[in-house]
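Here is what each chain is made of, one letter per residue.
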Amino acid sequence: MRARSALFDVYGGYLRGRGGAAAIAALVRLLEPLDFGAPAIRTAVSRMVRQGWLTPVRLPEGPGYALTPRAERRLDEAGARIYRTGPSTWDGRWHVVVLEELPGRGERDRLASSLRLLGYGPLGSTTWVSPRPSPELAEVLGEVRARVFHGAHDGPDAELAAQAWDLDELGADYTAFVAAWTPVMAAVDGSDPAAAFASSQRLLHAWRKFLFRDPGLPVELLPEGWPGTAAAEFFDRHTARLAPAVTRFLDACLSGGGKQRSTA
């Protein structure tokens, strides 16, 4: 985990619901259990400001940083897929993006990565599909010309999904995720708020990586016994179990306190 990724997780997972802003001193306290020092955090914050994700603000606690509207849109969309809070209905149509031109190699790789993050899968070098449109699509496409429309597939939709995403490999990775994290999370009981926060953050970081690969397909397009369902239940269960301790740690850090450890 890098400081920038940790900051995205902190803002998206916790601060977004608390006004979307925090003093720089609070951010340093929050990321201390993840072994990030103040210089690394300040460098990551500066980079996020340059990229348009954060903006400097003056808070009662001192200098701080707030999410930009662009960051709020990105984190809200990602959060809906991480915590599956969005609508689960599907009208049977695909959102289709057909690129009218291919940019250079570097820009093409960036575009492909961004489209995957938004939930689009490739059917070829110029055609991408998603079960739902993304409000960030126009921003991601930028100057790249493309035809964008909704359309029904004249054939089995499950086969189209399997072509755009490697569901066999993804399913195996979901199974491996649960196997790897089961002993890790079993060792965290929540008695130490700082440790609970660190473990919850690391779990979130590992889980968030699936955003680049899983578009959140409707159940009718998934293989029977889809391992992603059990993995999501695992993530939800341990996130909820540690939530009270995590909240205590957040409250202490945001109010100016330090790490809160159990004296039991």
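On a predicted model such as this, the values are computed, not experimentally measured, just so you know.

## A word on the confidence of the model for the protein chain
Stage number 1. Per-residue pLDDT for the protein chain averages 89, and the proportion of residues at 70 or more is 95%.
Stage number 2. Low pLDDT, under 50, characterises residues 259-264; the stretch is placed with 14 contacts to residues that sit more than four places away or in other chains.

## Things to note about helix α3 (residues 38-50)
Stage number 1. An ideal rise of 1.5 Å per residue puts 18 Å on 13 residues; α3 measures up with 18 Å between its terminal C-alpha atoms.
Stage number 2. Listed as buried for α3 are I41, A44, V45 and M48. Seen from one end, α3 has its buried residues packed into an arc of 100 degrees, which puts them on one side. Summarising the geometry of α3, the exposed residues directed more than 90 degrees from the buried face are P39, T43 and R50.

## What about the nonpolar core?
Stage number 1. L27 and W94 are the most contacted members of the largest nonpolar core, which has 66 residues in total.
Stage number 2. When residues in this core are grouped by element, the largest group, 10 residues, is from helix α10 (residues 227-254).
Stage number 3. Counting residues in hydrophobic clusters, the runner-up holds 11 residues, among them V97, Y120, L137 and V140.

## Here we look at the side chain of D192
Stage number 1. Checked against the element boundaries, D192 lands in the loop between α8 (167-186) and α9 (193-208).
Stage number 2. Residue D192 is classed as buried on the basis of its relative accessible area of 16%.
Stage number 3. Only 3.0 Å separates the side chain of D192 from the backbone nitrogen of A194, close enough to count as a polar contact.

## Brief notes about the pattern of salt bridges
Stage number 1. This model, assessed by the stated rule, comprises 13 salt bridges.
Stage number 2. One salt bridge connects D109 with R105, and the closest N-O pair in it is separated by 3.4 Å. With D109 and R105 both in helix α5 (residues 105-117), this residue pair falls four residues apart, about one helical turn.
Stage number 3. Given the relative accessible area of 43%, D109 is considered partly exposed.
Stage number 4. The structure contains a network of salt bridges with shared partners spanning R16, E72 and D76.

## Things to note about the packing of aromatic side chains
Stage number 1. This model, assessed by the stated rule, comprises 14 aromatic pairs.
Stage number 2. Aromatic pair Y174 and F210: ring centres 4.2 Å apart, planes at 20 degrees, arrangement stacked. Taken together, the residues Y174 in helix α8 and F210 in the loop between α9 and α10 connect sequence positions 36 residues apart.
Stage number 3. By relative accessible area, Y174 is classed as buried at 4%.
Stage number 4. Taken together, the ring pairs connect Y174, F177, W181, W207, F210, W226, F234 and F235 into an aromatic cluster.

## Here we look at the sheet that holds strand β3 (residues 62-67)
Stage number 1. The sheet built from three strands is open, its strands ordered β1-β3-β2 with antiparallel pairing. Two strands bound the open sheet, and with one partner strand each, they are β1 (21-23) and β2 (54-59). Across the sheet, the axes of successive neighbouring strands diverge by a mean angle of 30 degrees, strand direction being ignored.
Stage number 2. Where β1 lies against β3, three bridges are found, and the strand directions are antiparallel. Along β3, the bridge assignment pairs A22 with Y65.
Stage number 3. Contacting β1, β2 and β3, helix α1 (residues 3-15) crosses the sheet at an angle of about 120 degrees to β1.

## Description of the sheet that holds strand β4 (residues 93-99)
Stage number 1. Spatially, the four strands line up as an open sheet ordered β5-β6-β4-β7, and their pairing is antiparallel. Where the open sheet ends on each side, the last strands, each with one partner, are β5 (121-122) and β7 (146-152).
Stage number 2. Across four bridges, β4 lies against strand β6 (residues 127-130) in antiparallel orientation. Each bridged residue has a counterpart across the sheet, and for V98 the counterpart in β6 is T127.

## Re the packing of α8 against α10
Stage number 1. Interaxial distance between α8 and α10 falls to 8 Å at its minimum, and their mutual angle equals 25 degrees. In terms of orientation, α8 lies roughly parallel with respect to α10. Here α8 and α10 pass one another in a crossing that is left-handed. Here G171, Y174, T175, F177, V178, W181, T182 and M185 of α8 lie close against α10, whose contacting residues are P227, G228, A230, A231, F234, H238, R241 and L242.
Stage number 2. Class assignment of the residues belonging to the contact of α8 with α10 gives a composition of 10 nonpolar, five polar and one charged.

Each value, and the rule that gives it
Residues numbered from 1 in each chain as written. Predicted model: local features only at pLDDT ≥ 70, side-chain atom pairs only at ≥ 80, totals over all residues. Heavy atoms only, no water. pLDDT = per-residue confidence, 0-100. Contact = heavy atoms within 4.5 Å. Helix = DSSP H or I, 4+ residues; strand = E, 2+ residues; numbered from the N terminus. Expected span 1.5 Å × (residues − 1). Buried < 20%, exposed > 50% of the residue type's maximum accessible area, 1.4 Å probe, protein only. Arc of directions from axis to C-beta. Core = buried A, V, L, I, M, F, W, Y, C linked by side-chain atoms within 4.5 Å. Polar contact = N/O pair within 3.5 Å; in protein donor to acceptor, adjacent residues only side chain to side chain. Salt bridge = Lys/Arg side-chain N within 4 Å of Asp/Glu carboxyl O. Phe/Tyr/Trp six-rings, centres within 6.5 Å; stacked < 30°, edge-to-face > 60°. Pairing = 2+ DSSP bridges. Axes fitted to C-alpha atoms, helices over the stretch in contact; angles between N-to-C directions. Parallel < 35°, antiparallel > 145°, perpendicular 65-115°, else oblique. Left-handed = near helix turned anticlockwise from the far one by under 90°. Nonpolar A, V, L, I, M, F, W, Y, C, P; charged D, E, K, R; others polar.

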